[in-house]
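Chains, contacts and geometry: an overview
Chain by chain, the residues run as shown.
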Amino acid sequence: MRLDKFLKVSRLIKRRTVANEACDAGRVLVNGAVAKASVKVKPGDIIEIQFGTKTVKVEVLDIKDTSKKEEAKDLFKYL
């Protein structure tokens, strides 16, 4: 699954366009490397997102095309 779509489906970032902009600005890292929105993510990948001064680090646990709000938190775990 594309990185921008995963960020939206997992609700780490609210909208896919915002996820795209964050990737373009270089604020999203996958496994320690700056990632474009088109990077394919898979279970086991480590994603770091920089929100201003705060950094969120998560591990991908599962990939789903859609998810309900309650299920979204099961797609990743905070590190």
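What you see is a predicted model; the values in this text were computed from it and never measured.

Attention shifts here to the overall build of the protein chain. Helix and strand content of the protein chain: three helices and five strands. Its helices and strands in sequence order give the protein chain the pattern α-α-β-β-β-β-α-β, from N to C terminus. Whereas a compact globule of 79 residues would reach a radius of gyration of roughly 12 Å, the protein chain reaches 11 Å, a difference of no more than 12%. Along the three orthogonal principal directions, the C-alpha set of the protein chain runs to about 30 × 25 × 25 Å. Within the protein chain, buried positions represent 35% of all 79 residues. For the protein chain, restricting intrachain contacts to residue pairs at least 6 apart in sequence, the fraction spanning at least 24 positions comes to 38%.

Overall, the coordinates contain one aromatic pair when judged by the stated rule. A ring pair is formed by F76 and Y78, whose centres lie 5.2 Å apart and whose planes are at 90°; its orientation type is edge-to-face.

Locating S67 in the fold gives a position in the loop between strand 4 (54-60) and helix 3 (69-72). At a separation of 3.0 Å, a polar atom in the side chain of S67 contacts the main-chain carbonyl oxygen of V9. S67 has contacts with V9, R11, A72 and L75, leaving out every residue within four places of it along the chain.

Ranked by internal contacts, the top residues of the largest apolar core, which has 22 residues, are L3, F6, L7, L12, V28, I47 and I49. Sorting the residues of this core by element identifies helix 1 (3-9), helix 2 (16-24), strand 1 (28-30), strand 3 (46-51) and strand 4 as the ones contributing at least two each. No other element matches helix 1, which puts four residues into this core. Apart from residues lying up to four places away in sequence, L12 is in contact with F6, L7, I49, F51, V58, F76 and Y78.

Reading the values: the criteria
- Residues numbered from 1 in each chain as written.
- Predicted model: local features only at pLDDT ≥ 70, side-chain atom pairs only at ≥ 80, totals over all residues.
- Heavy atoms only, no water.
- Helix = DSSP H or I, 4+ residues; strand = E, 2+ residues; numbered from the N terminus.
- Rg over C-alpha atoms; globule rule 2.2 N^0.38 Å.
- Buried < 20%, exposed > 50% of the residue type's maximum accessible area, 1.4 Å probe, protein only.
- Contact = heavy atoms within 4.5 Å.
- Phe/Tyr/Trp six-rings, centres within 6.5 Å; stacked < 30°, edge-to-face > 60°.
- Polar contact = N/O pair within 3.5 Å; in protein donor to acceptor, adjacent residues only side chain to side chain.
- Core = buried A, V, L, I, M, F, W, Y, C linked by side-chain atoms within 4.5 Å.

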